[in-house]
Amino acid sequence: MKFTIIAIFFIAVITVVYSCQSDEKLEYMRYYTTGQELYKTRCQNCHGAQGEGLAALIPPLTDSVYLKTNSNKLACYIKNGLKLPILVNGKPFNGEMPPSGLAPVEIAQVLTYVQNNFGNHSGLHSVEQVNKELEACN
Amino acid sequence: MKALILSACCLLGLAACNTSNKSDTLLPIYGNREAVTKTVNGKTVADTIYHTIPDFETVNQYGKKVTRKSLDGSIYVADFFFTSCPSICPIMHRNMLKVYDEFKKSGNVKIVSYSIDPRHDSVAVLKNYADKMGITGNNWWFLQGDKQAIYKLAESYLVAVMEDNKAPGGYVHQGYFVLIDKQKRIRGSYDGTNPEQVAKLIEDMKLLQTEPQSMIAQ
């Protein structure tokens, strides 16, 4: 009996907490989980399951400072590919990332995943942001 | 009831048989084999000829000639790749780095990665790739040779490769790591994109390293 009461109490608490989550938080969760799947199928072969990259050939995705300061360029990198000398975790990379062929919303999802995993905590990278960033690609 | 006991006994017998097989720690030998008879000291004896890796002619990342003979006295792991490969090669070589790190101090263990895109993968491109992978010395060679010859050679390693404009990067190939013994026989084939299989490869290589000379000389 006591057990049932405790169980009901917990369910109630969880329901309240869950419905109290802001829309943005839910949006973030949706982006993150879809982004995780996209990462596995489209990025993980190169960047690794832990975002560790590959030696000096492929940069890791663990440099939070790099990802933050370049946040508004990442969408363009994912869409069009990247072939520029860059500095990640203090090491030079000069490889070539091919264009991904992802739609803007998918870019937003995969970036939300990358920017909140591997030690990064940047929150939602929305499709509205991505659309704006893509207009500014050069 | 009797039948039950009987079948239980049978199972036990089988299990015993299995364990005795397991204690036999030799790795299998793959590929076609041929039974032959030959004459030794006037007596006719049966023998088996195993499939072996044929001769090949390539150059490594240092521009040095590498043939079948260059691998004499070593056990080695072979794979097929190309430097601009956007699909499975990064996974394969992330895993192969573990093999390299494990055996880089052993003189009699080598890794050879044959490029299947020799037009793009010149010696300079391969050297740059090796440098970026952090590979030094002669434990891991990146090899370039005549394209048709390399494709034919892949078959003898039981690895499928082909050109395909529709595939990412323009080529399709299997990501096997193939383990070769000192007599150039295939002793194992592992999915180079699967970390567990690569761990198994490392174990098997240690086993093969300790294979007794009498076995090697058979």
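Residues numbered from 1 in each chain as written. Chains lettered and ligands numbered in written order. Predicted model: local features only at pLDDT ≥ 70, side-chain atom pairs only at ≥ 80, totals over all residues. Heavy atoms only, no water.

K.L.:
Run through the overall build of chain B, naming residues and quoting values.
P.N.:
Scanning chain B for helices and strands turns up six helices and eleven strands. Sorting the 218 residues of chain B into buried and exposed places 42% on the buried side. (Helix = DSSP H or I, 4+ residues; strand = E, 2+ residues; numbered from the N terminus. Buried < 20%, exposed > 50% of the residue type's maximum accessible area, 1.4 Å probe, protein only.)

K.L.:
Describe the pairing of strand β10 (residues 176-180) of chain B, with residues and values.
P.N.:
If a strand is regular, its side chains alternate between the two faces of the sheet. All names here are of chain B. The buried count for β10 comes to four of five residues, which makes it a mostly enclosed element. Pairing of strand β5 (residues 75-81) with β10, which is carried by three bridges, proceeds in the antiparallel orientation. Each residue of the ladder has a partner; that of V77, found in β10, is L179. One ladder, built from five bridges, connects β10 with strand β11 (residues 186-191); its direction is antiparallel. Pairing of L179 across the sheet is with G188, part of β11. Connecting β10 to the antiparallel partner β11 that follows it, the hairpin turn spans five residues, and K184 within it adopts a positive phi of roughly 65°. (Pairing = 2+ DSSP bridges.)

K.L.:
Explain the pattern of salt bridges to me, using residue names and the numbers behind them.
P.N.:
All names here are of chain B. With the rule as written, the count across this model stands at 17 salt bridges over all chains. We note a salt bridge from E102 to K206, for which the minimum N-O separation is 3.2 Å. Highlighted residues: E102 in helix α2 (residues 89-103) and K206 in helix α5 (residues 195-209), separated in sequence by 104 residues. As a salt-bridge pair, E163 and R119 come within 3.9 Å of each other at their nearest N and O atoms. One end of the pair, E163, is in strand β8 (residues 161-163); the other, R119, is in the loop between β6 (109-115) and α3 (123-133), and 44 residues separate them in sequence. By relative accessible area, R119 is classed as exposed at 66%. Each member of the salt-bridge network shares a partner with another, and the members are D181, R185, R187 and E211. (Salt bridge = Lys/Arg side-chain N within 4 Å of Asp/Glu carboxyl O.)

K.L.:
Help me get a handle on the sheet that holds β5 of chain B, residues and values and all.
P.N.:
Residue and element names in this part refer to chain B. Taken in spatial order, the five strands make up an open sheet running β7-β6-β5-β10-β11, and their pairing is mixed. The open sheet has two free edges, formed respectively by β7 (140-143) and β11, since each of these has just one partner strand. Sheet twist, expressed as the mean angle between neighbouring strand axes with direction ignored, is 20°. Along the sheet, α2 makes contact with β5, β6, β7 and β10, crossing β5 at roughly 165°. Against the sheet, α5 engages β5, β6, β10 and β11, with an angle of about 165° to β11. (Axes fitted to C-alpha atoms, helices over the stretch in contact; angles between N-to-C directions. Contact = heavy atoms within 4.5 Å.)

K.L.:
Explain the environment of A199 of chain B to me, using residue names and the numbers behind them.
P.N.:
Residue and element names in this part refer to chain B. Of note, A199 is situated in helix α5. A residue is classified by how much of its surface remains accessible, and A199, at 41% relative accessible area, is partly exposed. Placed 168 residues apart in sequence, A199 and G31 show a C-alpha to C-alpha distance of 23 Å.

Keep in mind these numbers describe shape, not what the thing actually does.
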